[in-house]
Every structure is written in structure tokens, then in C-alpha cells.
Amino acid sequence: MGTAILCLLLVCCFCDQVQGDPSFTIDYTRDCFLKDGSCFRYISGSIHYFRVPPIYWKDRLLKMYMTGLNAIQVYVPWNFHEPQPGMFNFDGDRDLEHFLDLTVELGLLVILRPGPYICAEWDMGGLPAWLLHKKNIALRTSDPDYLNAVDSWLSVLLPKIRPRLYCNGGNIISLQVENEYGSFHACDYSYLRHLQTIFRVYLGDDVVLFTTDGNTNKELKCGTLQGLLATVDFGPVDNATKAFKLLRRVQPRGPLVNSEYYTGWLDYWGEKHASSSAEQVSRGLQDILETGASVNMYMFEGGTNFGYWNGADFKNTYKPITTSYDYDAPMTEAGDPTDKLMAIRSIISKFRSVPEGPFPPPTPKYYYGLVSLNKIGDLVDFLDVFSRGEPFVTQYPITFEDVKQVFGFVLYRTHLPFDIPFFIPLSSQLNGVHDRAYISVGGRFYGVLERDSISDVNVTGNAGEWLDVLVENMGRINFGADVNDFKGLVGNLTLGGDILTDWVMYSLDIDGPIAAGWPYVPDNHIRMNPQWQSRTGATFYSGTFQITAVGDTFLKLSKWTKGQVWINGFNVGRYWPARGPQITLYVPSNILSLSQPNRITILELERAPDWPIAVFLDRPILNGTLPRR
Ligand SMILES: *[C@@H]1O[C@H](CO)[C@@H](O)[C@H](O)[C@H]1NC(C)=O
Ligand SMILES: *[C@@H]1O[C@H](CO)[C@@H](O)[C@H](O)[C@H]1NC(C)=O
Ligand SMILES: *[C@@H]1O[C@H](CO)[C@@H](O)[C@H](O)[C@H]1NC(C)=O
Ligand SMILES: *[C@@H]1O[C@H](CO)[C@@H](O)[C@H](O)[C@H]1NC(C)=O
């Protein structure tokens with residue numbers, strides 16, 4: 001890093017203010033931001049480019065502009081851009097610079113939150129899972145291995161940001177350092193100081209850097225640092241005056257900011273759908289604006305956790321987040337304005353003029369109806385297709401991280417060591433299944449093991465039959481002390497009390513072959529075999545459908561149990577209607593084809609319906625009735 005910094009210092013100047021240049025600073029006497037010398041406050045909304053298809057970025061930003069916002073706030077997820085150490089991806093749906101260009105085009109300012117940890121209910125809070133290749137790494141601290149990885153990432157990211165700073169003629173007015181660090185147990189000030197130094201080295205001394213924390217004394221103590229503007233986050237149920245009073249204890253002067261004013265909340269599988277009323281949210285916004293504070297609404301559009309990108313929380317138990325990140329936000333997951341948006345717009349109009357003209361209409365939504373699906377076969381029939389190389393053979397189970405697999409599924413198998421004529425329990429005694437395992441013996445499905453909830457499943461079988469344990473990573477923990485969240489079998493399994501050994505472990509790449517067109521079969525030529533009539537265990541289904549108009553649609557798999565679904569090779573996400581509350585999956589128009597049949601491929605993990613169909617609706621169902629668990 002040393003040489004890179006030196007070179008930057010030699011060739012660049014950072015926001016050295018000359019009269020008349022654009023400037024964005026803090027006035028500690030008048031307690032406000034100063035934009036080009038005048039007091040300024042922002043009314044901003046959060047949007048995550050990584051949760052919205054790129055073709056819709058401009059549409060969503062335009063709607064935010066039309067609501068009367070003068071800024072947007074956006075996270076940068078490190079794990080999305082550096083999938084392997086030193087391998088960077090800023091293309092297509094990861095084209096951060098294109099997204100930032102669009103904000104310029106629409107006249108919006110940007111508050112950037114580059115982490116390196118972001119939470120965001122995103123896998124591992126945005127930290128790359130490869131950090132766990134060092135087993136005892138102390139994430140979010142001064143651990144040198146962690147800091148080296150952080151420095152390397154920021155040395156790639158921050159130089160892209162520098163020319164976009166407001167003081168350099170761009171539209172980025174401020175950057176957040178870390179994220180809610182005061183909620184993390186480590187309270188490592190030298191780590192925060194290290195980040196501050198790196199940000200300053202790449203961005204200069206004048207750019208506004210800030211921290212964000214929950215509004216409690218403890219959080220504000222460990223999350224703030226001299227030289228970084230302290231801000232808080234709180235929602236409509238909190239008392240704004242009280243929250244800002246608390247902030248004033250650590251930040252006696254300068255602008256007041258709520259960096260995350262909650263417009264709604266996230267959903268967990270198996271819990272009630274979260275919502276908050278337009279009335280409550282807009283009233284709380286008015287309270288904040290009346291204090292003269294700046295505010296960012298989190299989220300303004302939530303979007304979607306496509307693929308495997310959802311995170312999970314840990315509160316007494318592991319709680320994975322749903323595929324939809326609709327958030328009950330002012331703009332829906334599919335980018336449509338809601339009553340909440342209109343209520344917010346009318347509050348904003350009391351404080352600044354909102355753009356005139358008609359509000360952009362919702363994008364078209366289509367009902368495509370029923371698609372019937374055929375069984376392709378059981379997952380274990382296609383290990384030749386999906387296995388990443390030769391299987392690993394080990395005495396005791398090893399983790400996803402040990403075999404350098406980040407997402408998805410790993411198959412662990414071993415031969416039954418003895419005959420089991422009557423049911424005996426296969427057990428995960430130390431809660432060692434991260435996060436869910438689908439159990440079969442000799443191809444017969446027996447049930448599931450689930451982290452923090454199901455530790456035994458009864459099986460029978462004959463000595464020598466394969467015992468298959470297909471383990472699903474349901475999303476790494478994104479918040480709190482448990483972010484070192486290894487996946488797979490992180491403990492031994494026992495059979496009738498004996499530790500099972502001699503595992504054959506298949507690291508699986510299911511997405512690669514499906515993106516390349518697997519299962520290739522034309523619709524009328526599904527391989528049939530009587531033994532494939534079974535509808536349980538991990539099984540592939542596929543079918544095709546044609547459309548005559550392209551628009552967004554919502555996939556309903558209501559009688560299916562749990563699994564993963566791809567359309568034309570794009571991983572639409574996890575479905576789990578048996579657990580709820582999310583029933584439909586958002587299918588954006590850009591993955592559909594007018595000219596060719598569209599292929600839907602499903603990996604059902606537990607039980608497919610007798611009549612395997614998919615239905616495409618023109619509206620979402622995110623508030624399904626929760627069945628009993
Ligand atoms: C909010 O907090 C302030 C300051 O602590 C207090 O004076 C006020 O009564 C509170 N408002 C409500 C509605 O509780
Ligand atoms: C396993 O079978 C035993 C004996 O039939 C029964 O008592 C036990 O409840 C079963 N356990 C599970 C998890 O089904
Ligand atoms: C499994 O048990 C063996 C023997 O007790 C132990 O050495 C090993 O660490 C255990 N493996 C895991 C993943 O817990
Ligand atoms: C969700 O459904 C439940 C049960 O039908 C209902 O009571 C609740 O109001 C619904 N919530 C929303 C936000 O629609």
C-alpha cells in the first residue's frame with residue numbers, strides 16, 4: 001500500500017479550496033452543512049443498486065427525484081465487488097460507476113457508505129466470506145489480516161470515488177466510515193482510526209466523513225471518533241427530540257443527522273410481515289424536518305435479495321432474511337410508488353419545493369398464468385454436472401469455507417455403517433448444521449435438520465447405503481458478534497449416538513450449468529424413469545413458457561415447499577411458501593424473452609406438489625398467512 005499512497009500524494013490535490021470552487025463542509029457555529037458556502041440540509045433516501053436490476057436504476061432514481069429528495073444514500077457491498085481475493089468485478093449489475101453517473105444525470109447528491117462492513121441485511125454484512133479462510137480472523141478489528149484485506153479493497157474502490165467528490169466537481173457530499181460500529185462488541189478505536197486514515201489518504205482532508213449509530217449511549221460511545229461527524233439512526237416510533245439530544249452529548253455542535261430513518265422493516269422467514277403506516281412514517285419525518293436536521297430514509301426502495309445474497313440476523317436463534325427486501329418502503333420492491341411515498345412527498349413539500357409534473361407511472365406488470373413443470377431428476381443423479389471437481393474425502397466433515405465454496409449447497413455423503421431396521425435418530429448434537437440439511441438414505445427422503453431448531457431426524461436403511469446430507473447455506477449473519485458464520489457441517493453428525501465418519505463431500509456449482517442452459521432438454525423430452533416419480537428430497541423440475549408482451553411479473557410457487565428458482569439461467573432467489581410470509585418472487589422484465597421460450601428451473605429441496613405448476617401473477621403476495629412451524 002505504501003507506494004500507492006505515495007504516488008497519490010505526489011500527483012493529486014484534494015479539495016484544496018479555492019474561492020468559487022464547489023465545496024461541501026461543516027459549519028460548527030451555525031450547526032449546519034455548508035454547500036458552496038450556504039447552510040444546507042439533505043432529505044435523502046436509500047437505494048441499493050445491488051438489489052435493483054440495472055435497467056431500472058434510472059427509473060427508480062427519477063422517482064426519488066420526483067418525490068422531492070435532493071440526495072440518495074447508497075452502500076457499497078465489498079463481497080459483491082471482490083468475490084475472490086484480488087479479483088474485482090464492477091461490470092453489469094455491479095457497475096457502481098454507471099449507477100453514480102445516473103445520480104449525476106438526475107441532479108441528486110450522493111451520500112456513500114462504502115463500509116467496509118455495511119450490514120444491510122446482506123450476506124455477512126458485505127464482508128467477503130473468503131476472509132474466513134483464516135479461521136480465527138477477528139473481523140471489524142485491527143487484526144492485521146483483516147486490515148490488509150480492507151486496505152487492498154479500499155485501494156481499488158476509493159480512487160474511483162475521489163474524482164466524484166463534490167469538491168472535485170462531482171456529486172458525492174459525504175462518506176460513512178464503517179457502519180453502526182458502536183453496536184459491535186469489539187469497540188476497537190484503533191480500527192476506526194485506521195479506516196479514517198485510509199479514507200483521508202485517498203479522499204483528502206476536507207471531505208465530510210461520518211459515522212452512524214443507534215441512539216443509545218453505549219452505541220454512540222463505541223461507534224464515534226474525533227474527526228468524524230457523528231449521526232444517529234432511529235425510526236418513526238422514536239422521539240426525534242430525545243434521540244438528537246443524546247446525539248448532542250457526543251456531537252455538541254454541527255448538523256444533526258438521522259442517517260437511517262426507518263420507513264418500514266425487513267422480513268424474516270417464518271415471522272410476521274413487517275409494515276408501518278404511511279401516516280406514522282410521514283408524521284415522524286415531519287418531526288425530524290422541523291428540528292432542522294438532515295435525514296436519510298432507510299429504505300426508499302428496498303429491492304430484492306436475488307440469488308443467495310440475503311443475510312441473516314442472530315437474536316437467540318438464527319433468523320434468515322427473505323428474498324424480498326421490499327421493506328414496506330415508499331417505493332415497492334418492483335419500483336412502484338405507494339401511498340407512503342405520496343404522504344412523504346407532501347411532507348417534503350412543506351420544507352422544500354418538490355419537482356412539478358406528473359409522477360412517472362408504475363412499470364407494467366403481467367399475469368402470464370400457469371406453467372406446467374416436469375421432473376428432471378434428483379439432484380444426486382446429476383453430481384457429474386454440478387460437482388466442482390473431485391469430491392473431498394475426509395474423516396470428519398469440513399466446512400464450505402474449507403473447500404472454498406461461498407454460496408449454495410454442499411452434499412455430504414457417507415455409507416451407512418450398519419443395518420438400521422427400526423428408526424434411530426441422525427443427530428446434530430452440537431447444533432452443527434449451518435443452516436439446513438436435507439436427509440436421504442438410499443434415495444429415500446427422511447426430513448430435515450435445521451440450525452437452532454431441529455437437531456434430530458429418524459432414519460432407517462441397510463448397511464452400505466448412501467446417507468446423503470445436502471446442506472444449504474441460507475445466508476451469513478450480517479449483524480452482531482456472530483459474523484464469523486461458517487457454513488456446512490460445522491460439527492459432527494451422530495447416528496444412534498455414534499459419530500459418523502468417512503465423508504465424501506461434493507462442492508456443488510448449480511448456478512454455472514443452469515446459467516449455461518442446463519437441463520438442455522426440450523420441454524416434450526423429459527427423461528422418464530418410474531423411480532423419479534418420488535416427489536420428495538432435492539429434485540429438479542423444469543418447464544418453458546412463451547410470452548407476447550414483456551413486463552415484470554411475480555412467481556407464485558404456493559404448493560411447493562422450499563427451494564431455489566432460476567428463470568433463463570438467472571437465479572431469482574429462494575422460495576419458501578411453507579414458512580412464509582413471502583409467497584411470490586419478483587421476476588424483473590429484463591430476464592424474460594419475447595423471441596424465445598423462457599425456461600424456469602426449480603430445485604425443490606423437500607416436497608414438490610402432486611401437480612407441479614408455477615403461476616405468474618401481476619401483483620406480489622408478501623404477507624402470506626404463516627403456517628404453524
Ligand atoms: C420527546 O422527548 C422530549 C425531550 O426528552 C420531551 O420533552 C417530549 O415530551 C417527548 N415527546 C413525546 C411525544 O414523548
Ligand atoms: C424417532 O423415533 C422414536 C422411536 O419411534 C420416537 O420416540 C422419536 O420421537 C422419533 N424422533 C423424531 C425426531 O421423529
Ligand atoms: C468430530 O469429532 C472428532 C472426534 O471427536 C473431532 O476430532 C472433530 O474435531 C469433530 N469435528 C467437528 C467438525 O466437530
Ligand atoms: C397481513 O396479513 C394479516 C393477516 O391477514 C393482517 O392482519 C395484516 O394486516 C396484514 N398486513 C399488511 C401489512 O397487509
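Owing to the predicted nature of the structure, the values given are computational and were not obtained by experimental measurement. (Residues numbered from 1 in each chain as written. Chains lettered and ligands numbered in written order. Predicted model: local features only at pLDDT ≥ 70, side-chain atom pairs only at ≥ 80, totals over all residues. Heavy atoms only, no water.)

A few words on the nonpolar core. Membership of the largest hydrophobic core comes to 133 residues, with the highest contact counts inside it found for Tyr146, Ile161, Leu175, Leu508, Ile510 and Phe540. Looking at which element gives the most residues to this core, the answer is helix α5 (residues 144-161), with nine residues. In this view, Tyr146 contacts Trp78, Pro116, Leu127, Leu131, Ile137, Ala138, Leu139, Arg140, Thr141, Glu178 and Tyr191; residues no more than four positions away in its chain are not counted. (Core = buried A, V, L, I, M, F, W, Y, C linked by side-chain atoms within 4.5 Å. Buried < 20%, exposed > 50% of the residue type's maximum accessible area, 1.4 Å probe, protein only. Helix = DSSP H or I, 4+ residues; strand = E, 2+ residues; numbered from the N terminus. Contact = heavy atoms within 4.5 Å.)

What follows covers the UniProt feature "domain: Beta-galactosidase 1-like first all-beta" (unreviewed entry) in the protein chain. The feature "domain: Beta-galactosidase 1-like first all-beta" (unreviewed entry), as annotated in UniProt, sits at residues 397-509 in this numbering. Secondary structure within residues 397-509 divides into 0% helix and 48% strand; the distance between the first and last C-alpha atoms comes to 19 Å. (UniProt positions renumbered as here; feature names shortened; annotations may be inferred.)

Time to look at the sheet that holds strand β5 (residues 71-75). Taken in spatial order, the eight strands of this closed barrel run β4-β5-β6-β7-β8-β9-β10-β11, and their pairing is parallel. The sheet shows a mean angle of 30° between the axes of neighbouring strands, taken without regard to direction. Sheet topology places strand β6 (residues 109-113) next to strand β7 (residues 172-176); three bridges connect them, and they run parallel. In the sheet register, Ile111 faces β7, and the bridge partner there is Ser174. Those strands touched by helix α8 (residues 240-250) are β9 (229-234) and β10 (257-262), and its axis lies near 155° from that of β9. (Pairing = 2+ DSSP bridges. Axes fitted to C-alpha atoms, helices over the stretch in contact; angles between N-to-C directions.)

Applying the stated criterion to the full structure yields two disulfides. With its sulfur 1.9 Å from that of its partner, Cys32 forms a disulfide with Cys39. In this structure the cystine formed by Cys32 and Cys39 twists about its S-S bond by roughly -65°; its chirality is therefore left-handed. The partner cysteine of Cys187 in its disulfide is Cys222, sulfur to sulfur 2.1 Å. Where Cys187 bonds to Cys222 through sulfur, the torsion about that S-S bond is close to -90°, and the disulfide is left-handed. (Disulfide = S-S within 2.5 Å.)

With that out of the way, let us pick up the side chain of Asn598. In this fold, Asn598 is placed in strand β33 (residues 598-604). Residue Asn598 is classed as buried on the basis of its relative accessible area, which comes to 0%. The contacts of Asn598, once residues within four sequence positions are left out, are Gly543, Thr544, Phe545, Gln546, Ile547, Asn568, Ile591, Leu592 and Ser593.

Turning our attention to the UniProt feature "domain: Glycoside hydrolase 35 catalytic" (unreviewed entry) in the protein chain. Under the present numbering, the feature "domain: Glycoside hydrolase 35 catalytic" (unreviewed entry) in UniProt falls on residues 33-350. As annotated, residues 33-350 comprises 31% helix and 19% strand, and the C-alpha atoms at either end are separated by 20 Å.

Cis rather than trans, the peptide bond between Gly115 and Pro116 has omega equal to 15°. Turning to its location among the elements, Pro116 is positioned in the loop between β6 and α5. Cis geometry marks the peptide bond from His434 to Asp435, where omega comes out at 10°. When you line up the elements, Asp435 lands in the loop between β19 (433-434) and β20 (436-441). For Asp36, which is not glycine, the phi dihedral falls at a positive 50°.

Before going further, it helps to spend a moment on the packing of α5 against helix α6 (residues 189-203). Two numbers describe how α5 lies on α6: the axes approach to 9 Å, and their chain directions differ by 30°. Comparing the axis directions of α5 and α6 gives the class roughly parallel. Crossing geometry of α5 relative to α6 is assigned as right-handed. Residue-level contacts link Tyr146, Leu147, Val150, Asp151, Leu154, Ser155, Leu158, Pro159 and Ile161 of α5 to Tyr191, His194, Leu195, Ile198, Phe199, Tyr202 and Leu203 of α6. Residues that form the contact of α5 with α6 fall into these classes: 13 nonpolar, two polar and one charged. (Parallel < 35°, antiparallel > 145°, perpendicular 65-115°, else oblique. Left-handed = near helix turned anticlockwise from the far one by under 90°. Nonpolar A, V, L, I, M, F, W, Y, C, P; charged D, E, K, R; others polar.)

You can read the domains of the protein chain as domain 1 (3-348), domain 2 (369-377 + 511-617) and domain 3 (388-507). In this structure, domain 2 and domain 3 have C-alpha centres spaced 26 Å apart. Taken residue by residue, the interface counts 11 residues in domain 2 and 11 residues in domain 3. Summed over both sides, the interface between domain 2 and domain 3 buries roughly 900 Å², with carbon and sulfur atoms accounting for 58% of that surface. Counting across the domain 2 and domain 3 interface gives four salt bridges. With a closest N to O distance of 3.0 Å, Glu472 and Lys562 form a salt bridge. The interface formed by domain 2 and domain 3 includes five residue pairs in polar contact (both at pLDDT 80 or more). Looking at the side of domain 2 that touches domain 3 residue by residue, the class counts come to four nonpolar, three polar and four charged. (Domains from an automatic or database assignment. Buried area = accessible area lost by both parts, 1.4 Å probe. Salt bridge = Lys/Arg side-chain N within 4 Å of Asp/Glu carboxyl O. Polar contact = N/O pair within 3.5 Å; in protein donor to acceptor, adjacent residues only side chain to side chain.)

Further remarks concern the confidence of the model for the protein chain. Per-residue confidence for the protein chain gives a mean pLDDT of 94; residues scoring 70 or more make up 95%. Of all the helices and strands in the protein chain, helix α1 (residues 2-11) carries the lowest mean pLDDT, 42, while β6 carries the highest, 99. In the model, residues 1-13 has pLDDT below 50 throughout and makes 10 contacts with residues more than four positions away in sequence or in other chains. (pLDDT = per-residue confidence, 0-100.)

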